[in-house]
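Here is what each chain is made of, one letter per residue.
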Amino acid sequence: MADGDESSDELIHVFWHDGMLAHTNSSSYGVFDTLQDPGFLDVLEPHPENADRVRNMKSILQRGPISPYIRFHQGRAATQQELLYFHTPEYVQELIAAGKSGGKFLCSGTCLNVGSWEAALLAAGSTCKAMQHILDGHAKLAYALVRPPGHHAQPSHADGYCFLNNAGIAVHVALMSGYKRIAVIDIDVHYGNGTAEGFYERDDVLTVSLHMNHGSWGPSHPQTGQLDEVGRGKGIGFNLNIPLPNGSGDQGYEYAMEELVVPALGAFKPEMLVLVMGQDSSAFDPNGRQCITMEGYRKVAQIIRQQAELHTGGKVLVVQEDFHWSTFAIKRIRWAVERQLNWG
């Protein structure tokens, strides 16, 4: 993988580091994300956020049908100063200490283990580097293929498998570079509560989340994702939650994008778009049940591309979040991509 300055609009610049594979939520198996053995099952599951998922994603990009349009770039670790753009000093110190001591259980389903802290730093730093690549004029479209995910991580604590808010930290990189209005659009199946919390009192960042109507899941996730969470202080009106019923599917997401997200972007007029991309809203994901197909994701991406061309000169940073695909789903996705390419 080598850095380059190819700025063609046809290219996707992917930022990746092998060190992110070192993170494990646990060395054991259990029931979904509990990693506990109830004692009566023959087959236990790995944690749903595991390295094999992203290995398959990377291999599709490297060897799949769209590989001619991909340029890989080496990621890097985030600096402590970058972490403090979004997170509190106390929380950063807690994570540093946990990394040095060999790990810590942070909240339900979220464990920082040996190798996790280094991987989290690489995820945050690689996202910052992807953002900087756009800011420096080397690309219009950059993709931070990172793990651990980040959109549930709040300024002062971990949540939902997330330690550091990768997208949130990268947004601050753009703000500190002089950008005045940045929009974050999150289509992960779960509410992007950490990102919303980090910008809840600001009017220079519009946070939009389309998610399954799941509400709060406990002390680590007090936000509900409902319509009345609109921001606080001067941030009122700059957090848009779009809770969707289970099984909304392609047409539901397209309608929400066209009728709610597009007008919000038109009023806000962002200078940069950040797409927080969790594919656990896929029809093939065993966790979410939003039933989006490849065509649905394609339509959402087209709308984002159109809005970027209209408002930002085409500049979009894509940040990877969760997905829990099976081998069957990976094969199905490859078939769909090849089919789309054949359409020309």
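That block above? That's the structure.
Residues numbered from 1 in each chain as written. Predicted model: local features only at pLDDT ≥ 70, side-chain atom pairs only at ≥ 80, totals over all residues. Heavy atoms only, no water.

1. Some thoughts on the nonpolar core
Part 1: Counting residues in hydrophobic clusters, the biggest one holds 83 residues, and the most contacted among them are L164, I185, L210 and V274.
Part 2: The element best represented in this core is helix α4 (residues 116-135), accounting for 11 residues.
Part 3: Not counting residues up to four positions away in its chain, the partners in contact with L210 are I185, D186, I187, D188, I242, L244, Y253, A256, M257 and V261. (Core = buried A, V, L, I, M, F, W, Y, C linked by side-chain atoms within 4.5 Å. Buried < 20%, exposed > 50% of the residue type's maximum accessible area, 1.4 Å probe, protein only. Helix = DSSP H or I, 4+ residues; strand = E, 2+ residues; numbered from the N terminus. Contact = heavy atoms within 4.5 Å.)

2. A few points about the pairing of strand β6 (residues 182-186)
Part 1: The buried fraction of β6 amounts to 5 of the 5 residues, a majority that puts the element mostly inside the structure.
Part 2: Burial of the side chains of β6 extends over both faces: I182, V184 and D186 are buried on one face and A183 and I185 on the other.
Part 3: As paired strands, β6 and strand β7 (residues 205-212) are joined by 5 bridges and run parallel to one another. Residue V184 lies in a different strand from β7, and its bridge partner there is T207.
Part 4: Tracing the backbone out of β6, into helix α6 (residues 193-198) and back to the parallel element β7 gives a crossover that is right-handed.
Part 5: In the sheet, β6 pairs with strand β9 (residues 272-277) via 5 bridges, with the strands oriented parallel. Looking across to β9, one finds that D186 is bridged to V276. (Pairing = 2+ DSSP bridges. Right-handed = clockwise from strand over helix to strand, strands pointing away.)

3. Here's the deal with the packing of α4 against helix α5 (residues 166-176)
Part 1: At their nearest, the axes of α4 and α5 sit 9 Å apart, and the two run at 35 degrees to each other. Here α4 runs over α5; the crossing is right-handed. Between α4 and α5, the contacting residues are A120, A123, A124, T127, C128, M131, Q132 and L135 on the first element and N166, A167, I169, A170, V171, V173 and A174 on the second.
Part 2: Grouping the amino acids of the contact of α4 with α5 by side-chain chemistry returns 12 nonpolar, 3 polar and no charged. (Axes fitted to C-alpha atoms, helices over the stretch in contact; angles between N-to-C directions. Left-handed = near helix turned anticlockwise from the far one by under 90°. Nonpolar A, V, L, I, M, F, W, Y, C, P; charged D, E, K, R; others polar.)

4. What to know about a nonpolar patch on the surface
Part 1: On the surface, V31, F40 and L41 cluster together into a nonpolar patch covering about 290 Å² of accessible area.
Part 2: Within the secondary structure layout, L41 lies in the loop between β1 (12-16) and α1 (51-63).
Part 3: Residue classification places L41 among the partly exposed positions, given a relative accessible area of 39%. (Patch = residues over 30% accessible without salt bridge, like charges linked within 9 Å, V, L, I, M, F, W, Y side chains within 5 Å. Areas by Shrake-Rupley, 256 points an atom, 1.4 Å probe, with all protein chains shown as cover. Salt bridge = Lys/Arg side-chain N within 4 Å of Asp/Glu carboxyl O.)

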